[in-house]
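# An overview of the molecular structure
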Amino acid sequence: MLPNAQLEKMIAREDYAELLACLTPGQLAVVALRLEDLRYTQVAKLLGLTRQGVYQRMKAARRRLAARCPQRLRSRVRT
């Protein structure tokens, strides 16, 4: 049997994978880079977007997650 901490980590990974599967490829790219603690300007430079473009994709990703992700995961989405 798995210890509780390992089991919780596995569940969390599955939850995040399920959340990320709700995003478009463009939204996923921005979210993934932000999860790596990159700033909006850094993400923009890497993806060839404006800072405002990154902001808009993040905003759209939050809306999409709030609307489309499974109900049990909605509490993990910051709006």
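Residues numbered from 1 in each chain as written. Predicted model: local features only at pLDDT ≥ 70, side-chain atom pairs only at ≥ 80, totals over all residues. Heavy atoms only, no water.

A word on the packing of aromatic side chains. For the structure shown, the criterion picks out one aromatic pair. Their ring planes at 45° and their centres at 6.4 Å tell us that Tyr-40 and Tyr-55 sit as a pair that is tilted. Taken together, the residues span a long stretch of sequence, with Tyr-40 in helix α3 (residues 40–47) and Tyr-55 in helix α4 (residues 51–68) at a distance of 15 residues. Relative accessible area serves as the criterion here: at 37%, Tyr-55 is assigned to the partly exposed category. (Phe/Tyr/Trp six-rings, centres within 6.5 Å; stacked < 30°, edge-to-face > 60°. Helix = DSSP H or I, 4+ residues; strand = E, 2+ residues; numbered from the N terminus. Buried < 20%, exposed > 50% of the residue type's maximum accessible area, 1.4 Å probe, protein only.)

A word on the confidence of the model for the protein. Note that predicted coordinates carrying low pLDDT should not be read in detail. Taken over all residues, the pLDDT of the protein has a mean of 83, while the share at 70 or more is 81%. Element-level mean pLDDT values for the protein span from 75 in helix α1 (residues 4–20) up to 97 in α3. (pLDDT = per-residue confidence, 0-100.)

On the surface, a cluster of nonpolar side chains totalling about 240 Å² of accessible area is made up of Leu-20, Leu-28 and Leu-35. Checked against the element boundaries, Leu-28 lands in helix α2 (residues 25–35). (Patch = residues over 30% accessible without salt bridge, like charges linked within 9 Å, V, L, I, M, F, W, Y side chains within 5 Å. Areas by Shrake-Rupley, 256 points an atom, 1.4 Å probe, with all protein chains shown as cover. Salt bridge = Lys/Arg side-chain N within 4 Å of Asp/Glu carboxyl O.)

Let us now look at α3. The periodicity of an α-helix, 3.6 residues per turn, causes residues three or four places apart in sequence to face the same way. The complete set of buried residues in α3 reads Tyr-40, Val-43 and Ala-44. Projection of α3 onto a plane perpendicular to its axis shows the buried side chains occupying an angular sector of 100°, all on one side. Residues of α3 that are exposed and angled more than 90 degrees away from the buried face: Lys-45 and Leu-46. Buried residues in α3 make contact with α2 and α4. (Arc of directions from axis to C-beta. Contact = heavy atoms within 4.5 Å.)

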